[in-house]
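Each chain, written out:
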Amino acid sequence: KGGGGGGGYGGRGGNKPFWTQFVDPSDDPRVIAWCRETIAAFLANGSPQLAFDSLTNPERNTLRHLAPQMGAGWVKLQKGVHALVKLSPVDDPAATLARLVGSVKHSCAANGGKCSASVAFRSLPAELVAYTQATLRLRSLKELPSHAAAAAARAAAASA
């Protein structure tokens, strides 16, 4: 007769390819609840950063997904070690954005005048990573030019 198979991701069937378990956030309510509780506890304490070195793929991916939604950043410190980072208060968004651009320019200059978005992103200070993820809602610096253009268009429409 043949077996039921299971259909890839987690053996539950569905349309998700197998590899998505390594990048997508978990849909397990227990993992989601643990991640939300962990982020909330981190935001409530005084520590600027909380490092993790033994997370499962679903935990890591879910923390990475939920942290910006809850007002925290998510950074890779080294191989296998990631951290939640608190978002610093921003008094002047334009100055913070200028600092972000300056940091990217410095990173590119340090790499001979040219660098990829991922290299520039990894070289950002943790507080700028948190700002980029939580405030600007960007996952990559490749999205920064379109974000800036959209913000300029909104500002022009508001002043018209």
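Reading guide: rules and limits
Residues numbered from 1 in each chain as written. Predicted model: local features only at pLDDT ≥ 70, side-chain atom pairs only at ≥ 80, totals over all residues. Heavy atoms only, no water. Axes fitted to C-alpha atoms, helices over the stretch in contact; angles between N-to-C directions. Helix = DSSP H or I, 4+ residues; strand = E, 2+ residues; numbered from the N terminus. Parallel < 35°, antiparallel > 145°, perpendicular 65-115°, else oblique. Left-handed = near helix turned anticlockwise from the far one by under 90°. Contact = heavy atoms within 4.5 Å. Nonpolar A, V, L, I, M, F, W, Y, C, P; charged D, E, K, R; others polar. Core = buried A, V, L, I, M, F, W, Y, C linked by side-chain atoms within 4.5 Å. Buried < 20%, exposed > 50% of the residue type's maximum accessible area, 1.4 Å probe, protein only. Pairing = 2+ DSSP bridges. Phe/Tyr/Trp six-rings, centres within 6.5 Å; stacked < 30°, edge-to-face > 60°. 1 Å grid on protein atoms, 1.4 Å probe; cavity = no way out; pocket = protein on both sides within 12 Å on 5 of 7 lines; lining within 4 Å. Points joined across faces, edges and corners; volume = space filled by probe spheres on them. Expected span 1.5 Å × (residues − 1). Arc of directions from axis to C-beta.

Caption draft 1: Representation of the packing of helix α1 (residues 29-44) against helix α2 (residues 57-69). Interaxial distance between α1 and α2 falls to 9 Å at its minimum, and their mutual angle equals 55°. When the axis of α1 is compared with that of α2, the two are oblique. Our pair here, α1 against α2, has a crossing hand that is right-handed. When α1 is examined against α2, the residues Val31, Ile32, Trp34, Cys35, Arg36 and Ile39 are found in contact with a partner set consisting of Pro58, Glu59, Thr62, Leu63, Leu66 and Ala67. Grouping the constituent residues of the contact of α1 with α2 by class yields 9 nonpolar, 1 polar and 2 charged.

Caption draft 2: Expanded view of the nonpolar core. Formed by 18 residues in total, the largest nonpolar core has its most connected members in Leu100, Val104, Leu124, Leu136, Leu141 and Leu144. Here this core gets 4 residues from one element, more than from any other, and that element is helix α5 (residues 126-135). In terms of nonpolar packing, the next biggest core, distinct from the first, is built from 11 residues, Ile39, Phe52, Leu63 and Leu84 among them.

Caption draft 3: Representation of the sheet that holds strand β1 (residues 49-52). Overall, antiparallel pairing links the 3 strands, which are arranged β1-β3-β2 in an open sheet. The sheet is open, and its two edges are formed by β1 and β2 (72-78), each paired on a single side. On average, each strand axis in the sheet is inclined to that of its neighbour by 25°, with strand direction left out of account. For β2 and strand β3 (residues 81-86), the ladder comprises 6 bridges, and the chain directions are antiparallel. Residue Lys76 lies in a different strand from β3, and its bridge partner there is His82. α1 rests against β1, β2 and β3 of the sheet, and its axis sits at about 55° to β3. On top of the sheet, α2 reaches β1, β2 and β3; it is set at about 140° to β2, its chief contact.

Caption draft 4: Fine view of the packing of aromatic side chains. For the coordinates displayed, the defined rule picks out 2 aromatic pairs. With a centroid separation of 6.5 Å and 70° between ring planes, the pair formed by Trp34 and Phe52 is classed as edge-to-face. With a gap of 18 residues between them, Trp34 in helix α1 and Phe52 in strand β1 connect regions that are remote in the sequence. Of the residues examined, Phe52 reaches a relative accessible area of 12% and is grouped as buried.

Caption draft 5: Representation of the layout of surface pockets in the model. The volume enclosed by the largest pocket comes to roughly 800 Å³. Residue lining of the largest pocket: 27 residues in total, with Arg64, Trp74, Phe121, Gln133 and Arg139 positioned closest to the centre. Elements with a contribution of two residues or more to the lining of the largest pocket: α2, β2, α4 (117-122) and α5. No other element matches the 6 residues that α2 contributes to the lining of the largest pocket. Each residue belonging to the lining of the largest pocket can be placed in one class, and the counts come to 13 nonpolar, 7 polar and 7 charged.

Caption draft 6: View of α1. Counted at 1.5 Å a residue, the expected span for α1 with its 16 residues is 22 Å, and the 22 Å between its end C-alpha atoms agrees. Among the residues of α1, Val31, Cys35, Thr38, Ile39 and Phe42 are the ones counted as buried. Along the long axis of α1, the arc covered by the buried residues comes to 95°, so they all point the same way. The exposed set on the far side of α1, more than 90 degrees from its buried face, consists of Pro29, Arg30, Glu37 and Ala44. Along its buried surface, α1 packs onto β1, α2, β2 and β3.

These values are about where atoms sit, not about what they do.
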